[in-house]
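Below are the chains, spelled out letter by letter.
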Amino acid sequence: MVGLDVSSSSVKLVELGRDKSGALVLEHCAIELLERGWVTDGNIEKFEEVAEAIRRVVKKSGTRCRNVALALPPSAVITKKIILPGGLSEAELELQVESEANQYIPFSLDEVSLDFYVIGPSPKTEGDVEVLIAASRREKVQDRQGLAEAAGLKAVVVDVDTYAARLAAGRLIENLPDQGVDTLVALFEIGAFTTSLQVLRNEEVLYERDQAFGGAQLTQLIVRQYGFSAEEAEIKKRSGDLPDDYEVSVLRPFVENMAQEASRALQFFFTTTPHSKVGQIFLAGGAAALPGLSDAVARLAAAPCTVVNPFEGMEIGPAVRAKRLLNEASSYLTACGLAMRRFTQ
């Protein structure tokens, strides 16, 4: 099974395997850019164009796998943790979940796709279990399934993109001192138009927030400064083929502004929770690797900041161009988490 992350600006594919020792191997990966407006707020606006982009990214990656894991944005999914009696069979759990779900889902159960996961023993009541339920309007799930089918693929998992990102980030948190135990980790995912913040501690989400800023704003600044078309500006931004004054006139002011936005997002967290600092900041997404951004965020937030590489510690397979991957790795966090579902279902 491959992970396929369909965002507002691109489609990213990751295929993972394991070697004889059980270590993860990156076997295939690829990115295909999407035009603005094809996907908006997680909604597929240009179905045929996105399906064609998926076909291209599959071909570009070289994978032969046809089973895929896709994700929905959190705005399309209702999640709730509930407590149920321990010792129930799978069928009994399912009945209980459906009964409980009616209280939390503002739609008829006939209109939703519903799933659940037993987290473990209840932290509050002995003998009970904590269960996570997730529900989405059926047409949202069918949109993703239809996209996969139109591209000659089969959707076998539909996840939530923030959950997939956390799964991939979990490997990196384990590499922190003391394996990241009790460390507050701020995970920023910088998308084209939206940046999401999740503050994590010991696999628990303490805080989530989305802010309306992202890498597409840099493209717009390049368009205004130099008169390129939006498409030209995006290509030149990625290749680095820009005028000599670009770094001073455009890039540095944008990086400083983005770092201030990240710092502001953390301040919201501090003012709404008992916490006053984080132990580690991770930056993910296409704009995360902009020169100077991690240093600027670290300075303003007074915390160590790292651009994530979700493939850190993995063997890189022969089909992957390692040099190109270095520049793009931070874009693949969610796709990597989706690919990891192959081993965690």
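It should be emphasised that the depicted structure is a prediction, and the values quoted were computed from it without experimental measurement.

**A look at the packing of aromatic side chains**
Evaluation of the coordinates by the stated rule reveals four aromatic pairs. Relative to phenylalanine 269, the ring of tyrosine 207 lies with its centre 5.2 Å away and its plane at 55 degrees, an arrangement referred to as tilted. Of this pair, tyrosine 207 sits in strand β13 (residues 204-211) while phenylalanine 269 is found in helix α7 (residues 246-272), placing the two residues 62 residues apart along the sequence. Of the two residues, tyrosine 207 and phenylalanine 269, both sit in the buried class. Among the aromatic residues, those joined into a cluster by ring pairs are Tyr207, Phe269 and Phe270.

**Notes on the packing of α7 against helix α8 (residues 293-301)**
Interaxial distance between α7 and α8 falls to 9 Å at its minimum, and their mutual angle equals 40 degrees. By the angle class used here, α7 and α8 are oblique. Every pair of crossing elements has a handedness; the one defined by α7 and α8 is right-handed. Judged by residue contacts, Val255, Glu256, Met258, Ala259, Gln260, Ala262, Ser263 and Leu266 of α7 engage Leu293, Ala296, Val297, Arg299, Leu300 and Ala301 from α8. Its residues placed into classes, the contact of α7 with α8 shows ten nonpolar, two polar and two charged.

**Some words on empty space enclosed by the protein**
Per the stated rule, a full pass over the model turns up two cavities of 30 Å³ or more. Taken as a whole, the largest cavity encloses approximately 40 Å³ of empty space. Every residue lining the largest cavity is listed: Phe188, Ile190, Thr195, Phe213, Met258, Ala262, Leu283, Leu293 and Val297. Those elements that place two or more of their residues in the lining of the largest cavity are β11 (185-190), α7 and α8. Classifying every residue of the lining of the largest cavity by side-chain character gives eight nonpolar, one polar and no charged.

Reading the values: rules and limits
Residues numbered from 1 in each chain as written. Predicted model: local features only at pLDDT ≥ 70, side-chain atom pairs only at ≥ 80, totals over all residues. Heavy atoms only, no water. Phe/Tyr/Trp six-rings, centres within 6.5 Å; stacked < 30°, edge-to-face > 60°. Helix = DSSP H or I, 4+ residues; strand = E, 2+ residues; numbered from the N terminus. Buried < 20%, exposed > 50% of the residue type's maximum accessible area, 1.4 Å probe, protein only. Axes fitted to C-alpha atoms, helices over the stretch in contact; angles between N-to-C directions. Parallel < 35°, antiparallel > 145°, perpendicular 65-115°, else oblique. Left-handed = near helix turned anticlockwise from the far one by under 90°. Contact = heavy atoms within 4.5 Å. Nonpolar A, V, L, I, M, F, W, Y, C, P; charged D, E, K, R; others polar. 1 Å grid on protein atoms, 1.4 Å probe; cavity = no way out; pocket = protein on both sides within 12 Å on 5 of 7 lines; lining within 4 Å. Points joined across faces, edges and corners; volume = space filled by probe spheres on them.

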